[in-house]
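Residues per chain are reported as follows:
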Amino acid sequence: VFLLILVVFIMAAVWLSNSMSKKAMIPIQQAYRQQQQFLADASHELRTPLSIMNTSLDVIELENGQDFSAFTKEVVVDMKEEVGRMSRMVQHLLLLARSDAGSVEFEKASFDLVPKVRQWVQTIEAVAHKKQISLKAELPEQLAVTGDVERIKQLVYILLDNAIKYTPEGGTVDVALSSSPKQWSLSIRDTGMGIPEHALPRIFDRFYRVEEHRSREEGSAGLGLSIAKWIAESHQGSIEVKSALGKGSTFIVRFPIV
Ligand code: ADP
């Protein structure tokens with residue numbers, strides 16, 4: 001009888017713990033899904049006011065730009081920069097939420113990467129110029145690749161933006177694009193503050209920032225490199241970093257030639 005009671009007791013305990021853990025699982029999964037949905041909805045909603053602010057600033061500049069004092073000109077430029085930075089952050093959050101939900105579709109096509117890289121570098125040149133950073137690009141004549149051009153653009157912007165952001169005034173940023181029969185690679189080398197060795201293994205983690213204070217000053221969230229890595233890996237490519245503290249960093253992206 002004692003044995004029977006013991007067996008019944010153990011079975012009851014096992015059943016109870018199973019049903020409790022199942023109950024505990026549901027709210028956690030639900031909470032996670034709700035959090036994901038909230039992140040996706042919030043970033044989606046933020047996109048519209050930000051793009052309206054951007055367009056309004058363009059209109060103000062176009063219509064009254066010639067009457068601006070030097071001070072007002074500077075304020076408008078600063079506002080445009082901040083709106084741009086916020087838009088990128090919102091874009092990153094939205095992309096992360098979508099990638100977690102598995103709802104990002106890559107639109108892969110064949111295109112010449114050279115004019116694209118030239119254009120992206122030209123677009124970001126104004127930001128480099130403001131910090132007296134010399135930005136140079138060494139590009140081949142042409143390079144036919146296959147991939148999602150919008151995502152590759154995002155990846156390149158993340159690396160260029162970081163290189164300029166973490167390089168002090170008067171530094172240099174060099175972009176080089178090259179290829180072999182099997183792969184193409186893009187390297188972005190800066191003479192910036194560099195990354196300490198202990199941080200290198202974590203640099204591509206979501207929300208990771210080296211010395212939080214220095215990044216927060218720049219208004220960053222530690223999302224860029226995790227997105228860059230995700231984009232590279234979604235193309236069966238890779239991303240690597242070499243860095244020396246106080247001397248600079250080189251990020252190298254390699255994509256297979258399909
Ligand atoms: P963030 O938005 O903070 O720049 P990232 O994911 O792009 O986020 O980068 C993570 C961290 O890696 C940054 O906070 C910064 O400390 C460091 N980092 C990234 N790129 C560079 C670079 N080119 N030079 C020095 N540090 C860098």
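What comes next concerns the included structure. (Residues numbered from 1 in each chain as written. Predicted model: local features only at pLDDT ≥ 70, side-chain atom pairs only at ≥ 80, totals over all residues. Heavy atoms only, no water.)

1. Side note on the pattern of salt bridges
As a reminder of what qualifies: We define a salt bridge as a contact between a side-chain nitrogen of Lys or Arg and a carboxyl oxygen of Asp or Glu at a distance within 4 Å. Helix and strand labels come from DSSP, where a helix needs a run of H or I of at least four residues and a strand needs a run of E of at least two; each type is numbered from the N terminus. Burial classes follow relative accessibility: with a 1.4 Å probe on protein chains only, a residue under 20% of its type's maximum area counts as buried, one over 50% as exposed, and anything between as partly exposed.
Going through the model one piece at a time under the given rule, you end up with 12 salt bridges. Linking arginine 85 and glutamate 82 is a salt bridge whose minimum nitrogen-to-oxygen distance equals 3.9 Å. Taken together, the residues span about one helical turn, with arginine 85 and glutamate 82 both in helix H2 (residues 70-100) at a distance of 3 residues. Judged by its relative accessible area of 45%, glutamate 82 falls in the partly exposed class. Residue arginine 206 pairs with aspartate 100 through a salt bridge whose shortest N-O separation is 3.0 Å. Of the two residues, arginine 206 is situated in the loop between strand S5 (183-190) and helix H5 (212-217) and aspartate 100 in helix H2; the sequence distance between them amounts to 106 residues.

2. Looking at the packing of helix H4 (residues 149-165) against helix H6 (residues 224-234)
Relative placement of two packed helices is described by the angle separating their axes and the distance separating the axes. Let me state the cut-off plainly: The convention used is that axes are lines fitted to C-alpha atoms, helices contributing only their stretch in contact, and that angles between N-to-C directions extend from 0 to 180 degrees. By the definition used in this description, the sense in which the near helix is turned from the far one sets the handedness, with an anticlockwise turn below a right angle giving left-handed and a clockwise turn giving right-handed. Contacts are assigned to residue pairs that have any heavy atoms within 4.5 Å of one another. Put simply, Ala, Val, Leu, Ile, Met, Phe, Trp, Tyr, Cys and Pro go in the nonpolar bin, Asp, Glu, Lys and Arg in the charged bin, and everything else, Gly too, in the polar bin.
Between H4 and H6, whose axes approach to 9 Å, the crossing angle comes to 145°. Every pair of crossing elements has a handedness; the one defined by H4 and H6 is left-handed. Seen from H4, the contacting residues are Arg151, Ile152, Gln154, Leu155, Ile158, Leu159 and Asn162; seen from H6, they are Gly224, Leu225, Ile227, Ala228, Ile231 and Ala232. For the contact of H4 with H6, the class distribution of residues is 9 nonpolar, 3 polar and 1 charged.

3. Considerations on the nonpolar core
In plain terms, the rule: Here, nonpolar core means buried Ala, Val, Leu, Ile, Met, Phe, Trp, Tyr and Cys residues that are tied together by side-chain atoms lying within 4.5 Å of each other.
Ranked by internal contacts, the top residues of the largest apolar core, which has 47 residues, are Leu113 and Trp184. With 9 residues, the single largest contributor to this core is H4. If sequence neighbours within four positions are ignored, tryptophan 184 has contacts with Leu113, Leu143, Val145, Ile152, Leu177, Ser178, Ser179, Val253, Arg254, Phe255, Pro256 and Ile257.

4. Overview of the side chain of serine 249
Stated formally: Definition of a polar contact: a pair of N or O atoms within 3.5 Å, with one able to donate and the other able to accept a hydrogen when the atoms are protein atoms, and with sequence-neighbouring residues admitted only if both atoms are side-chain atoms.
Take serine 249: it is sitting in strand S7 (residues 248-256). Looking at serine 249, its side chain comes within polar contact range of the side chain of serine 243, at 2.9 Å. With residues up to four places along the chain from it excluded, the contact list for serine 249 reads Ile188, Arg189, Asp190, Gly194, Ile195, Lys242 and Ser243.

5. Describing the pairing of strand S6 (residues 238-244)
To keep it simple, the criterion reads: We treat two strands as partners when DSSP finds at least two bridges between them.
Sheet analysis places S6 next to S7, joined by 7 bridges and oriented antiparallel. The residue of S7 that forms the bridge with serine 238 is arginine 254. Counting the residues that bridge the hairpin from S6 to S7 gives 3 residues, and of these glycine 246 lies at a positive phi of roughly 85°.

6. What to know about H6
The buried fraction of H6 amounts to 8 of the 11 residues, a majority that puts the element mostly inside the structure. Listed in full, the buried residues belonging to H6 are Gly224, Leu225, Ser226, Ile227, Ala228, Ile231, Ala232 and Ser234. Directly after H6, the chain includes glutamine 236, whose backbone phi takes a positive value near 60°.

7. Remarks on the packing of aromatic side chains
Let me state the cut-off plainly: Two aromatic rings from Phe, Tyr or Trp, using only the six-membered ring of Trp, form a pair when their centres are within 6.5 Å; if the ring planes differ by under 30 degrees the pair is stacked, by over 60 it is edge-to-face, and anything between is tilted.
Applying the stated rule across the entire model yields 3 aromatic pairs. Residues phenylalanine 204 and phenylalanine 251 carry aromatic rings whose centres are separated by 6.3 Å and whose planes lie at 85° to one another, so their mutual orientation is edge-to-face. With phenylalanine 204 in the loop between S5 and H5 and phenylalanine 251 in strand S7, the pair connects residues that are 47 residues apart, well separated along the chain. A single burial state applies to phenylalanine 204 and to phenylalanine 251, both of which are buried.

8. Topic: the sheet that holds strand S4 (residues 172-179)
Strand order in the open sheet formed by 5 strands is S2-S4-S5-S7-S6, with mixed pairing between adjacent strands. Two strands lie at the open edges of the sheet, namely strand S2 (134-138) and S6, each paired on one side alone. Strand-to-strand twist of the sheet, defined as the mean angle between neighbouring strand axes without regard to direction, takes the value 10°. Packed on one face of the sheet, H4 meets S2, S4, S5, S6 and S7 and runs near 20° to S5.

9. Observations concerning a nonpolar patch on the surface
Spelled out, the test is: A patch consists of residues whose relative accessible area exceeds 30% and which take part in no salt bridge; residues with like charges are grouped when within 9 Å of each other, and nonpolar side chains (Val, Leu, Ile, Met, Phe, Trp, Tyr) when within 5 Å. Surface exposure here means Shrake-Rupley accessible area, sampled with a 1.4 Å probe, where a residue is shielded only by the protein chains that are shown.
Judged by side-chain polarity, Phe71, Val75 and Met79 come together as a nonpolar surface patch covering roughly 300 Å² of accessible area. Mapped onto the secondary structure, methionine 79 falls in helix H2.

10. Observations regarding the pairing of S4
When a strand is regular, its side chains alternate between the sheet's two faces. Direction of pairing for S2 relative to S4: parallel, over a ladder of 5 bridges. Counterpart to glutamate 138 in the pairing with S4 is alanine 176. Sheet topology places S4 next to S5; 7 bridges connect them, and they run antiparallel. Residue alanine 176 lies in a different strand from S5, and its bridge partner there is serine 187. A loop of 3 residues connects S4 with S5, the two strands running antiparallel in sequence.

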